[in-house]
Amino acid sequence: MNQHNANQTLTLWGLGKSQSAVVTRIDTGLGEQITARLAEMGLADGRIVQCVRRGPLGGPMVLQLSGSVFAIEQDLASRIQISLQP
């Protein structure tokens, strides 16, 4: 039986409302344009991100990163690995 662990690595899409996590890895296969845009938003390895709201029926999730708030779709969020904050 698997126990849920605060240090468990999962994807950004698995982050629950009001949870915070550290970005551990962004899929390098996303392409230069997308990774550059993520970097512009401040989304990079080692950054702390918090889920503000989850859209209904698999809609986009709203994230807060430093002073910025933005929405991200499931296909992109599922390619960003995170480590939950205690």
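Reading guide: rules and limits
- Residues numbered from 1 in each chain as written.
- Predicted model: local features only at pLDDT ≥ 70, side-chain atom pairs only at ≥ 80, totals over all residues.
- Heavy atoms only, no water.
- Helix = DSSP H or I, 4+ residues; strand = E, 2+ residues; numbered from the N terminus.
- Buried < 20%, exposed > 50% of the residue type's maximum accessible area, 1.4 Å probe, protein only.
- Contact = heavy atoms within 4.5 Å.
- Areas by Shrake-Rupley, 256 points an atom, 1.4 Å probe, with all protein chains shown as cover.
- Salt bridge = Lys/Arg side-chain N within 4 Å of Asp/Glu carboxyl O.
- Polar contact = N/O pair within 3.5 Å; in protein donor to acceptor, adjacent residues only side chain to side chain.
- Phe/Tyr/Trp six-rings, centres within 6.5 Å; stacked < 30°, edge-to-face > 60°.
- Lys NZ or Arg CZ within 6 Å of the ring centre and 35° of its normal.

Help me get a handle on the overall build of the protein chain, residues and values and all.
Looking only at helices and strands, the protein chain features two helices and six strands. Helices and strands appear in the protein chain in the N-to-C order β-β-α-β-β-β-α-β. For the protein chain, with 86 residues in total, the buried portion stands at 34%. The long-range share in the protein chain, meaning contacts at least 24 apart out of those at least 6 apart in sequence, stands at 64%. Carbon and sulfur atoms make up 48% of the accessible area of the protein chain, which totals about 5,400 Å².

Describe the pattern of salt bridges, and please don't skip the residues or the numbers.
If charged atoms from side chains of opposite charge come close, those side chains can pair. Scanning all chains against the criterion turns up two salt bridges. Between Arg79 and Asp27 there is a salt bridge, with its nearest N and O atoms 2.9 Å apart. Placement of Arg79 in the loop between helix 2 (74-77) and strand 6 (80-84) and of Asp27 in the loop between strand 2 (20-26) and helix 1 (32-40) is noted, with a sequence separation of 52 residues between them.

How would you summarise unusual backbone geometry if you had to cite specific residues and measurements?
For Ser18, which is not glycine, the phi dihedral falls at a positive 70°. Note on placement: Ser18 falls in the loop between strand 1 (9-11) and strand 2. With a phi close to 55°, Ser66 is a non-glycine residue in the positive phi region. One can find Ser66 in the loop between strand 4 (61-65) and strand 5 (68-72).

So, the side chain of Asp27: which residues are in play, and what are the values?
Polar contacts involving the side chain of Asp27 include one to the main-chain amide nitrogen of Gly29, which spans 2.7 Å. In contact with Asp27, other than residues within four places in its own chain, are Thr35 and Arg79.

Outline the environment of Phe70, listing residues and values.
With respect to the helices and strands, Phe70 occurs in strand 5. If sequence neighbours within four positions are ignored, Phe70 has contacts with Met41, Met61, Val62, Leu63 and Leu65.

Can you tell me about the packing of aromatic side chains, naming the residues and giving the values?
What the rule picks out here adds up to zero aromatic pairs. For Arg54, the ring lying beneath its charged end belongs to Trp13, and the centroid distance is 4.4 Å.

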